[in-house]
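Here is what each chain is made of, one letter per residue.
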Amino acid sequence: MNVPRKKSGPRGGLLILIGVCLFLMLVSSFSPSFNSVLRNGVNQVLMPMQRGMNRVGSRIFGRLEQLRELNEVQERLQTLEEEMAVLRQQNARLKVNEKELNELRALLKMQEQYPEYKTVGAHIIGKNSGNYYQSFMIDRGTDDGVVVGMNVMAGGGLAGYVTAVGKNYATVESIINSGQNVSAMSTRDGSNFVVAGSLVRYSDGLLDLNNVSMAADVAVGDTVVTSNISDRYLPGLLIGYVETLETDNNQLTRTGTLRPVADFDNLDTVLVILALKETGD
Amino acid sequence: MKRILSYAALILIFFLVQNNIFAASSLIATVPNLLLILVFSFGFIRGSLEGMLIGFFCGLLNDVFFGDIIGFSALMYSVLGYGMGLLGNLYYTDFVNMPLILCLFSMLAYHIGTYLFAFLIPGYRGFGAYLTSVAIPELLYTGLMTLLLYPLLRKVEALIEKWEIRRSKDYA
C-alpha cells in the first residue's frame, strides 16, 4: 500500500505558495474591497450549502438542546415572573415620568434623543470556528438593507456590529472579542467609561469595565448602555449590568466587570438595527 | 482527477461540519479543528506536495469566510502540511500513536503562530491565558476527533488509491 516517495519535499512549490499567501495578506490588508469581492463570490456558491448544513446541525443538536434548556427555562420562568411584577410597577411610574418628560421636552423644543430604530431579524448560520475569536455570519445582507457598521442586538442587549456584508449574508464581530472596546455610560448619571472584551473574562461570560472615574456615580448592579459619544454604536443600547467594581491602584479610576444581557453562548437569532450612527463626517 | 475531486469534497465537508454544525451549536463550547486534522493527515500519508496544497485551500476557505486578513491561515496550513509531509518521510506511517503526536505537533505550531500574529499585534499579552482558555481545550477536542477521523481518512485514502489502480489498469 505504501508508495515510495521522493526524499525531499517540493520546496519550490512551498516557496511559491508562501509567496501567494504573503501577497494575499498584503493586498487584503490594504484594500478591504478585495476581501468583500472574494467573500461575495465564494458565498454565492457556498451559501445554500451552509444553510442546509446549519439546518442539519440544528436538527441533530436541537433535541438535546431543548432537553437541557427545559430545566433552565423553568427556573428562569419563576424569576422572570417575579421580575415582571417589579417591572410592571416600575413601568407605571416611568409612564408618568415620560409624560412629564415629553411636556418638558416640548417646552424646551428638544429632539428625541433615543428614537425607536427600525430593525430586521436574522438567523445565525455560521460561526467562526477559531475558539479565541468570536464572529458569526447571519443570513441577511444588502438585499435587506444591511450595510457595514450597523449594530446588532441579541436578546435585548448589544451583541456586535456588521463588519462585512454581501447580497444575502453579513459577518458580525461581537463585542466580547478581546480588543473590542465599546464606549458606554451609566444610566444613573451618564458618566462615560469603556466596556472591553477580554479573553480571560470571556470564559465566565463577562466583559471588562475600564476607566470608570472615581467621581462617577456607578455601583454594582447598575444598567450600562452605549454612550452618546461612541462613533460606532447608536446611543442608548442596553449592554449589561455592572457585576463587580474595584478601585485601581492609582486611586483615580475604577475597573470592574460587566455581565452582558446578550447570551453569547446561545446566540441563535439576532436583530440588526437598520440605522447608522451619524458621526458628522 | 478523481483524487482532486475527492480532496475538494473532503475539504468542503470538513469546513461545513466545523463551521456550520459544530460551531453553530451551543452544546459544543470548544470546536475541534477538523480542517487541521485533514491537513496533517494527508500531509503525513501522502507527502509534502499534497499536504501543502490541501493546507493552502483549507486555510484560504477559512480566511475568505472569517479572517480579517486573507492569506494568514492559508500560509500556516500550507507550511504545516509541508512539514507533516517531511515527517511522513522519516517515520513509519502505520505507527499507532502517530496521529496523536501529529495532532499535538500541528496544534502547537498552529497556536503559537496564531498567537504571535493575532495577539501580539493589538498589544495583547497573557500567553498563559491564551494557552489555558483556548489552545489546550481545542487541543484536547481535536485530539479526540483525530482518534476517530484519522483511521477514516486512511480508509478514504486507500479507496482513492484503489480507484487509481483500477483506472491505470483500464488504460493498460
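Numbering of residues starts from 1 in each chain and follows the order in which that chain's sequence is written. Chains and ligands are labelled sequentially in the order written, the chains with letters from A and the ligands with numbers from 1. Reporting in this predicted model follows two pLDDT cut-offs: at least 70 for local features of residues, and 80 or more for side-chain atom pairs to be given and counted; totals over whole chains, interfaces and linings ignore these cut-offs and use all residues.

Overview of the overall build of chain B
Part 1: Strands here are runs of E lasting at least two residues and helices are runs of H or I lasting at least four, both read from the DSSP assignment and numbered beginning at the N terminus. Helix and strand content of chain B: six helices and zero strands.
Part 2: Across chain B, helices and strands are ordered from the amino to the carboxyl terminus as α-α-α-α-α-α.

Thoughts on the overall build of chain A
Part 1: A tally of helices and strands in chain A yields three helices and twelve strands.
Part 2: Note on burial: count the other C-beta atoms lying within 10 Å of the residue's C-beta; 20 or more is buried, 12 or fewer is exposed, in between is partly exposed, and C-beta positions come from the backbone. Here chain A holds 281 residues, and 32% of them are scored as buried.
Part 3: Each residue gets a C-beta atom placed from its backbone, and two residues are in contact if those atoms lie within 7 Å. Taking as baseline every contact in chain A between residues at least 6 positions apart, the subset at least 24 positions apart corresponds to 57%.

Thoughts on the sheet that holds strand β6 (residues 181–186) of chain A
Within a sheet, adjacent strands bond to each other through the backbone by hydrogen bonds, running parallel or antiparallel.
Part 1: Pairing between two strands requires that DSSP report at least two bridges joining them. Spatially, β6-β7-β8-β11-β10-β9 (chain A) is the arrangement adopted by the six strands of the closed barrel, whose pairing is antiparallel. Recorded for the sheet is a direction-independent mean angle of 40 degrees between the axes of neighbouring strands. Axis definition: a line fitted to C-alpha atoms, over the contacting stretch in the case of helices. Angles run 0 to 180 degrees between N-to-C directions.

Thoughts on the sheet that holds strand β12 (residues 269–273) of chain A
Residue and element names in this part refer to chain A.
Part 1: If you trace the six strands once around the closed barrel, you get β1-β2-β5-β4-β3-β12, paired in antiparallel fashion. On average, each strand axis in the sheet is tilted by 45 degrees relative to the strand beside it, whichever way the strands run.
Part 2: Two strands pair when backbone bridges link them, and strand β2 (residues 135–138) and strand β5 (residues 170–174) are joined in this way by four bridges, in the antiparallel orientation. Paired with Ser135 across the bridge in β5 is Glu173.
Part 3: Packed on one face of the sheet, helix α2 (residues 32–108) meets β1 (119–127) and β4 (157–165) and runs near 85 degrees to β1.

Brief notes about the confidence of the model for chain B
Part 1: Confidence of the predictor in every single residue is expressed as pLDDT, which spans 0 to 100. The share of residues in chain B with pLDDT of 70 or more is 85%, and the mean pLDDT across the chain is 80.
Part 2: Two numbers describe this predicted complex: its pTM, 0.63, and its ipTM, 0.73.

With respect to the nonpolar core
Part 1: Judged by nonpolar contacts, the single largest core of 54 residues is most densely connected at Leu38(B), Val39(B) and Phe40(B).
Part 2: Among the elements of the structure, α1 (11–30) of chain A together with α1 (2–22), α2 (34–46), α3 (48–66), α4 (72–90), α5 (98–119) and α6 (127–171) of chain B are those that each provide at least two residues to this core.
Part 3: Residues contacting Leu38(B), with those up to four places away along its chain left out, are Leu10(B), Ile11(B), Phe14(B), Ile54(B) and Cys58(B).
Part 4: Among buried residues, those of type Ala, Val, Leu, Ile, Met, Phe, Trp, Tyr and Cys that are joined through C-beta atoms within 7 Å form a set called a nonpolar core. Judged by nonpolar contacts, the second largest core, of 47 residues, contains Leu158(A), Tyr169(A), Ile176(A) and Phe264(A).

Here's the deal with the packing of α2(B) against α4(B)
All names here are of chain B.
Part 1: One way to put it is that α2 packs onto α4 with a least axis distance of 7 Å and a crossing angle of 35 degrees. With respect to the hand of their crossing, α2 and α4 are arranged in right-handed fashion. Residues Val39, Phe40, Gly43, Phe44 and Ile45 of α2 form the contact with α4, whose participating residues are Tyr77, Leu80, Gly81, Met84, Gly85, Leu87 and Gly88.
Part 2: As a working rule, the residues Ala, Val, Leu, Ile, Met, Phe, Trp, Tyr, Cys and Pro are called nonpolar, Asp, Glu, Lys and Arg charged, and the rest polar, with Gly in that last group. Classifying every residue of the contact of α2 with α4 gives eight nonpolar, four polar and no charged. Should the near helix be turned counterclockwise from the far one by less than a right angle, the crossing is left-handed, whereas a clockwise turn marks it as right-handed.

Examining α2(A)
Part 1: Along its 77 residues, α2(A) runs just 45 Å from first to last C-alpha, ending more than 12% under the 114 Å computed at 1.5 Å per residue.
Part 2: We define the bend at any residue as the angle between the axes fitted to the seven residues before and including it, ending there, and the seven starting there. By the largest-angle criterion, Leu46(A) marks the main kink of α2(A), which is about 50 degrees, and a proline, Pro48(A), follows within four residues.
Part 3: Burial in α2(A) covers these residues: Asn35(A), Arg39(A), Asn43(A), Leu46(A), Gln50(A), Met53(A), Asn54(A) and Gly57(A).
Part 4: Contact partners of the buried residues in α2(A): α1, β1 and β4 of chain A together with α1 and α3 of chain B. By this rule, a helix spans an expected 1.5 Å times one less than how many residues it contains.

Digging into the environment of Ile125(A)
Part 1: Structurally, Ile125(A) can be placed in strand β1.
Part 2: Note on Ile125(A): 22 C-beta atoms within 10 Å, which makes it buried.
Part 3: On a C-alpha basis, the gap between Ile125(A) and Thr269(A) in space is 9.2 Å, while along the polypeptide they are 144 residues apart.
Part 4: Not counting residues within four places of it along the chain, the set of residues in contact with Ile125(A) comprises Gln50(A), Arg51(A), Asn54(A), Met137(A), Ile138(A), Asp139(A) and Asn20(B).

As for the interface of chain B and chain A
Part 1: On the side of chain A, 45 residues touch chain B, which itself brings 43 residues to the contact.
Part 2: Looking at the side of chain B that touches chain A, the elements with two or more residues in it are α1, α3, α4 and α6 of chain B.
Part 3: When residues in the side of chain B that touches chain A are grouped by element, the largest group, eight residues, is from α4(B).
Part 4: Grouping the constituent residues of the side of chain B that touches chain A by class yields 26 nonpolar, 16 polar and one charged.

As for unusual backbone geometry
All names here are of chain A.
Part 1: Even without being glycine, Asn211 reaches a positive phi, approximately 55 degrees.
Part 2: You can see Asn211 is positioned in strand β8 (residues 207–213).
Part 3: Even without a glycine there, the phi angle at Gln251 is positive, about 60 degrees.
Part 4: By the element assignment, Gln251 lies in the loop between β10 (238–247) and β11 (253–260).

A few points about α1(B)
Part 1: The first and last C-alpha atoms of α1(B) sit 28 Å apart over 21 residues, in line with the 30 Å expected at 1.5 Å per residue.
Part 2: Taken together, the buried positions of α1(B) are occupied by Tyr7(B), Phe14(B), Phe15(B), Leu16(B), Gln18(B), Asn19(B), Asn20(B), Ile21(B) and Phe22(B).
Part 3: On its buried face, α1(B) is in contact with α2 and β1 of chain A together with α2 and α3 of chain B.

Re the packing of α2(A) against α1(B)
Part 1: Two numbers describe how α2(A) lies on α1(B): the axes approach to 8 Å, and their chain directions differ by 55 degrees. Taken together, the axes of α2(A) and α1(B) lie oblique to each other. Note that α2(A) runs across α1(B); the crossing there is right-handed. Contacts between α2(A) and α1(B) involve Met49(A), Gln50(A), Met53(A), Asn54(A), Val56(A) and Gly57(A) on the former and, on the latter, Leu16(B), Asn20(B) and Ile21(B). Angular relationships are summarised with four words: roughly parallel below 35 degrees, roughly antiparallel beyond 145, roughly perpendicular across 65 to 115, and oblique for the angles in between.

Let's talk about the pairing of β5(A)
Residue and element names in this part refer to chain A.
Part 1: Judged by how many residues are buried, β5 sits mostly within the fold: five of five residues are covered.
Part 2: Burial along β5 is two-sided: Ala170, Val172 and Ser174 and Thr171 and Glu173, pointing in opposite directions, are all buried.
Part 3: Of the pairings in the sheet, the one linking β4 to β5 comprises five bridges and is antiparallel in character. In the strand pairing of β5, Val165 is matched with Ala170.
Part 4: Where β4 folds back onto β5 in an antiparallel hairpin, the turn is made up of four residues.

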